[in-house]
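Structural features, examined
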Amino acid sequence: MAASLVFRLHDRGPQLVREVLLERGWKEYDKRKREDRDWNLYWRGSEFHSSEYHSLLPWQRLNHHPKTAGITRKDSLVRNLRRMKATFGSALYNFSPTTFILPNEYTSFLAEYKLLPNREQSVCWICKPVDLSRGRGIFLFRDMKDLVYNCSVVVQRYISNPLLISGYKFDLRIYVCVKSFHPLTVYIHQEALVRFATEKYNLSSLSNVFAHLTNTSINKFGPFYKTQKGQVGSGCKWTMSKFRYFLQNQNINELFLWQRINNIVTLTLLSITGSVPNCPNCVELFGFDILIDSKFRPWLLEVNHNPSLALDCRTDLSVKKGLISDLVDLMDYTAVDGLRGKTYQTQRNVQTSFNANISTPVPSLPKLKDHNFQQKNKKSSKMHHEKTKRQIPPVETLHWILGSKMKVVKTGFSSGQMKYTPQVTNRDDAETQDEMENEVSSSVLGTQGRRSTFRPSTDSWRLPDKYRKRRRFHVEEAKPPIGQHVPPIRAGGFIRTFPFNPATLKASLVKLDVLVVIQELQKLTAQVASGRLEETTGEEEEEDEDCFDSLLWGPEDPPLLSQWLNSKTKNT
């Protein structure tokens, strides 16, 4: 019988994650009863320490990738989008408003401000602290004399023509899961939150946060939060399903709108993909905040590192509970769910087996009469027991459990030194971790398949430290057929949006080819906008398409990309 999966929450939260996992039969980690590494999922709101990434075991997951602050911190997001705009053109990276980072770019901002014709009264600016969330510290201004700040901030040109529903401003909280950065694998959830301001939009009162900010943490304290507000109703949230119904009466190309939002997500993630270390046992849930203007053009406002999972209303419950459940499904624990418990059980059995296979009786030593020496010896034995109690399972034991999933690669070292490369990673990531090295006694390796009475040194029984800074050596990467790399097309409400065709799959397998990805993204966007399929040639590409397809994210019933394009081609 497989062992129950164990989750570990930092600072006892979030409560929704606990409830969902307990309902699915998971057990919560208790440090008083379990080993330090005896867990399958570690969830926390803040970033993990680098050592926690380095010591991950094959059956463990973390809910954050390392070094993603490049898009979740407001000033870093500005810098990365600027860099991409300079490289690939402003026509492509045109989804973020003009932004300045203060105080460093105060002079540049002042020059831009003075260029405005007669200092147009209609031009507004919004100031946001770079590292705060939930609307804290945000204010709007027109006149430079109103710009007052005491920390690092971004000043952004305010989008003054937002799309309104019954006169109320809103934005979309899109939930994006990055299952892997190497190769890049992105899913967007079908459900999202539409977050409303609770007072009617009015540019004549810039100080009214209930009219200009859509953060729930602010609007739930507004005087009109529970009041019926036209189509919006009471409260300040809709589901994405309700928003789709609203769009049906707007006479627009809905699929093109969804594709443009999809492009924003992909292009933003491309800006940090090269700088995020390869950590296959991680998954990240981002909250992309998207504003749609009166011309149905989507804009990126910010990216949230730890989107709120609080349940403030029924809409939250209907969206977020399914979101977390689908996220757990996307982690794909089915292949390794019993590995953790089996490993710790095998570790205990191995200790017993070594003792049981000693056929020759060992004469006992005479009892020592020195009482102080006996006490010292007992204390030393106890310390050794506590140290080995938390020892990571032996290499032989792990090899026996993983079987063919762990391969041994010979290196330029002596015959007693081998390099172990664990292959148990996320399903869609066939690349291995950074180079690792482990020194194993040749006598231990020679005893596989039979019991031995030899007990090797403690160090030789450690799982290899994957990030130990020693001599590095090159291992040529294998290139399996494409079909082995194709991630699932969906997991519950999560729709795979990247890679979306054979070309983007190939471009992301070894080293991400950003230029190819952007070309394919532009091609797909043009096809969705026109509804026509561009003719393709080449037998190899046709063969790839037979085993690779994607869904078009956004519609309530997302169609297969190939079927949708083919149907449009027949109609034309």
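Residues numbered from 1 in each chain as written. Predicted model: local features only at pLDDT ≥ 70, side-chain atom pairs only at ≥ 80, totals over all residues. Heavy atoms only, no water.

Helix and strand counts for the protein chain stand at 18 helices and 20 strands. Looking at the protein chain as a whole, 50% of its 572 residues are labelled buried. Excluding contacts between residues fewer than 6 apart, the proportion of contacts in the protein chain whose partners are at least 24 apart in sequence is 68%. When the accessible surface of the protein chain is totalled, it reaches about 28800 Å², and 49% of it is carbon and sulfur. (Helix = DSSP H or I, 4+ residues; strand = E, 2+ residues; numbered from the N terminus. Buried < 20%, exposed > 50% of the residue type's maximum accessible area, 1.4 Å probe, protein only. Contact = heavy atoms within 4.5 Å. Areas by Shrake-Rupley, 256 points an atom, 1.4 Å probe, with all protein chains shown as cover.)

Glancing now at the packing of helix α1 (residues 15-23) against helix α10 (residues 314-330). Between α1 and α10, the least distance of the axes is 10 Å, while the angle of their chain directions is 60°. Between α1 and α10, the angle is such that the two are oblique. Classified by chirality, the crossing of α10 by α1 is right-handed. Touching Leu16, Val17, Val20, Leu21 and Glu23 of α1 are Lys320, Lys321, Ile324, Ser325 and Val328, all from α10. Residue composition of the contact of α1 with α10, by class: 6 nonpolar, 1 polar and 3 charged. (Axes fitted to C-alpha atoms, helices over the stretch in contact; angles between N-to-C directions. Parallel < 35°, antiparallel > 145°, perpendicular 65-115°, else oblique. Left-handed = near helix turned anticlockwise from the far one by under 90°. Nonpolar A, V, L, I, M, F, W, Y, C, P; charged D, E, K, R; others polar.)

All right, on to the sheet that holds strand β7 (residues 139-141) then. As summarised here, the arrangement of the 4 strands in space is β5-β8-β6-β7, forming an open sheet in which the pairing is antiparallel. One side of each edge strand has no neighbouring strand; the edge strands of this open sheet are β5 (99-102) and β7. Each strand axis lies, on average, 25° off the axis of its neighbour in the sheet, ignoring direction. Along the sheet, helix α4 (residues 74-88) contacts β5, β6 (125-129) and β8 (153-157); its crossing angle with β5, the most-contacted strand, is approximately 130°. Most of the contacts of helix α5 (residues 106-115) go to β5, to which it runs at about 140°, and overall it touches β5, β6, β7 and β8. (Pairing = 2+ DSSP bridges.)

What follows is about the confidence of the model for the protein chain. Predicted confidence across the protein chain gives a mean pLDDT of 76, with 68% of residues reaching 70 or more. A low-confidence stretch, residues 350-370 (pLDDT under 50), is modelled with 14 contacts involving residues beyond four sequence positions or located in other chains. The model gives residues 387-482 a pLDDT under 50, and that stretch makes 179 contacts with residues more than four places away or in other chains. (pLDDT = per-residue confidence, 0-100.)

All right, on to the sheet that holds strand β2 (residues 27-28) then. With parallel pairing, 4 strands are arranged side by side in an open sheet as β2-β1-β3-β4. The open sheet has two free edges, formed respectively by β2 and β4 (61-62), since each of these has just one partner strand. Across 3 bridges, the pairing between strand β1 (residues 6-9) and strand β3 (residues 41-43) is parallel. Each residue of the ladder has a partner; that of Arg8, found in β3, is Tyr42. Where α1 meets the sheet, it contacts β1, β2 and β3, and its direction lies at approximately 170° from that of β1.

Here we take up the packing of aromatic side chains. Tallying each qualifying case throughout the model produces 20 aromatic pairs. Here the aromatic rings of Phe48 and Tyr53 are separated by 6.0 Å at their centres, their planes lie at 80°, and the arrangement is edge-to-face. Exposure remark for Phe48: the relative accessible area of 6% places this residue in the buried category. Through pairs of rings, three or more aromatic residues link up here, namely Phe170, Phe196, Trp238, Phe243, Phe246, Trp258 and Trp553. Cation over ring: Arg61 sits above Tyr333, and NZ or CZ is 5.1 Å from the ring centre. (Phe/Tyr/Trp six-rings, centres within 6.5 Å; stacked < 30°, edge-to-face > 60°. Lys NZ or Arg CZ within 6 Å of the ring centre and 35° of its normal.)

Geometrically, the link from His182 to Pro183 is a cis peptide bond, its omega value of -5° lying close to zero. Inspection of the secondary structure puts Pro183 in the loop between β10 (168-181) and β11 (184-189). Residues Phe498 and Pro499 are joined by a peptide bond in cis, for which omega reads -5°. Look at Ser166: it is not a glycine, yet its phi comes out positive at around 55°. Within the secondary structure, Ser166 is located in the loop between β9 (164-165) and β10. Ser166 sits in the partly exposed class, given a relative accessible area of 26%. The phi dihedral of Asn251 falls on the positive side, at around 55°, and the residue is not glycine. By the secondary structure assignment, Asn251 is in the loop between α8 (240-247) and α9 (254-273).

The next thing to look at is the pattern of salt bridges. Within the structure shown, the criterion is met by 16 salt bridges. Residues Glu28 and Arg18 are paired through a salt bridge, measuring 3.1 Å at the closest nitrogen-oxygen approach. Taken as a pair, Glu28 in strand β2 and Arg18 in helix α1 lie far apart in primary sequence, 10 residues in all. By relative accessible area, which is 24% here, Glu28 ends up partly exposed. Across the salt bridge formed by Asp75 and Arg79, the nearest N and O atoms sit 3.6 Å from each other. Of this pair, Asp75 and Arg79 both sit in helix α4, 4 residues apart, roughly one helical turn. (Salt bridge = Lys/Arg side-chain N within 4 Å of Asp/Glu carboxyl O.)

Relative to β2, β1 is paired through 2 bridges, and the arrangement is parallel. Each residue of the ladder has a partner; that of Val6, found in β2, is Lys27.

This part takes up the pairing of β8. Along a regular strand, successive side chains alternate from one face of the sheet to the other. Burial runs high along β8: 4 of the 5 residues are buried. Pairing geometry for β5 and β8, over 4 bridges, is antiparallel. Bridge pairing in β8 places Phe100 opposite Val155. Where β6 and β8 come together, 5 bridges link them in antiparallel fashion. By the bridge assignment, Cys127 is partnered in β8 with Val155.

The next subject is the side chain of Asn304. Counting through the fold element by element, Asn304 comes out in strand β15 (residues 298-304). A polar side-chain atom of Asn304 sits 3.1 Å from a polar atom in the side chain of Asp289. Non-local contacts of Asn304, meaning those with residues more than four positions away in its chain, are made with Thr72, Arg173, Leu285, Phe286, Gly287 and Asp289. (Polar contact = N/O pair within 3.5 Å; in protein donor to acceptor, adjacent residues only side chain to side chain.)

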